2 protein chains.
Amino acid sequence: MSKKKGTKAERELFHMFWDTGNWAVVRAAGSGSTPLPAPDLIVGNGKKVYAIECKSLKKDNSKYFKENEIELLGEFSKIFGAEPLVAARFNNKGWFFIKTKDLGVSKKKTYFVNLKIAQEKGLNFENIIKL
Amino acid sequence: MSKKKGTKAERELFHMFWDTGNWAVVRAAGSGSTPLPAPDLIVGNGKKVYAIECKSLKKDNSKYFKENEIELLGEFSKIFGAEPLVAARFNNKGWFFIKTKDLGVSKKKTYFVNLKIAQEKGLNFENIIKL
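Quick caveat: nothing in here was measured; it's all calculated off a predicted structure.

Draft legend 1. Looking closely at the sheet that holds strand 5 (residues 83–90) of chain A. Strands sit in the order 1-2-3-5-6 (chain A) across an open sheet of 5 strands; the sheet is mixed. A single partner strand is all that each edge strand has here, and the edge strands are strand 1 (24–27) and strand 6 (94–99) of chain A. Within this sheet the neighbouring strands show an average axis-to-axis angle of 30 degrees, counted without direction. With 4 bridges connecting them, strand 2 (residues 41–44) of chain A and strand 3 (residues 49–57) of chain A associate as antiparallel partners. Note on strand 3 of chain A: the bridge partner recorded for Leu41 of chain A is Ile52 of chain A. Strands strand 2, strand 3 and strand 5 of chain A of the sheet are contacted by helix 2 (residues 69–80) of chain A, whose axis makes an angle of about 160 degrees with strand 3 of chain A. Where helix 2 (residues 69–80) of chain B meets the sheet, its contacts fall on strand 1, strand 2 and strand 3 of chain A, and the angle it forms with strand 1 of chain A comes to roughly 110 degrees.

Draft legend 2. Up close: the sheet that holds strand 8 (residues 111–114) of chain A. All names here are of chain A. Reading across from one edge, 4-8-7 is the order of the 3 strands in this open sheet, with antiparallel pairing throughout. With one partner strand each, in any of the chains shown, strand 4 (62–64) and strand 7 (104–105) form the two edges of the open sheet. Both strand 7 and strand 8 contribute to a ladder of 2 bridges, which runs antiparallel. Following the sheet pairing, Val105 is matched in strand 8 by Tyr111.

Reading guide: rules and limits
- Residues numbered from 1 in each chain as written.
- Chains lettered and ligands numbered in written order.
- Predicted model: local features only at pLDDT ≥ 70, side-chain atom pairs only at ≥ 80, totals over all residues.
- Heavy atoms only, no water.
- Pairing = 2+ DSSP bridges.
- Helix = DSSP H or I, 4+ residues; strand = E, 2+ residues; numbered from the N terminus.
- Axes fitted to C-alpha atoms, helices over the stretch in contact; angles between N-to-C directions.
- Contact = heavy atoms within 4.5 Å.

Here it is, written out as structure tokens:
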């Protein structure tokens, strides 16, 4: 996935949350300049806060996370007081929201997500915004 | 205040919160591309969330906020479930944290902050991180 495509998906989700009228959203500034953990988006509705990593995938791909990406998301979420989520957008299938404990783990201990995992374990946007 | 100086102050505060070990911080991506409200920083410790606008001032200045800046911070905070704060950094005096209700309001209904307000109404960093 290109960086550009990931950013486009992230912006789409940013607006989806704002458009509900009940959720406020912050897009995190590029975390490249610092080793500190940062989710792509942080969203809150006065009751819940989600720290979200966004991924855009083709339908048949598995997306592997960078080393420590999921651990850092978990660390951030624990300190902040947020629930960590992966938001995966599939071409022609839309968005799925997967709890980090439900991600796949490869033999090399790398986390990944694919359409099968998303469909079996994920929640859709309507579920997420009602939680 | 230059944009560059504001960003430098914002980065300083970003690291101050992380360095406590108890607070996680997100710097918001430039909100210039969207009319939606975005604080400079959002910080949480599992109990409290602050949405923060950062300002860097010379000792004798008053800093006036842009039209709607404080209203948008309040709107964001209400939806997200955060407490809105202005963090003002004065040369040689350090940081003060001022609740938006304690800001000055000019005859033209513009919000402002200066050293007098900060010293009379503001909290220091040690107060804030213990709340």
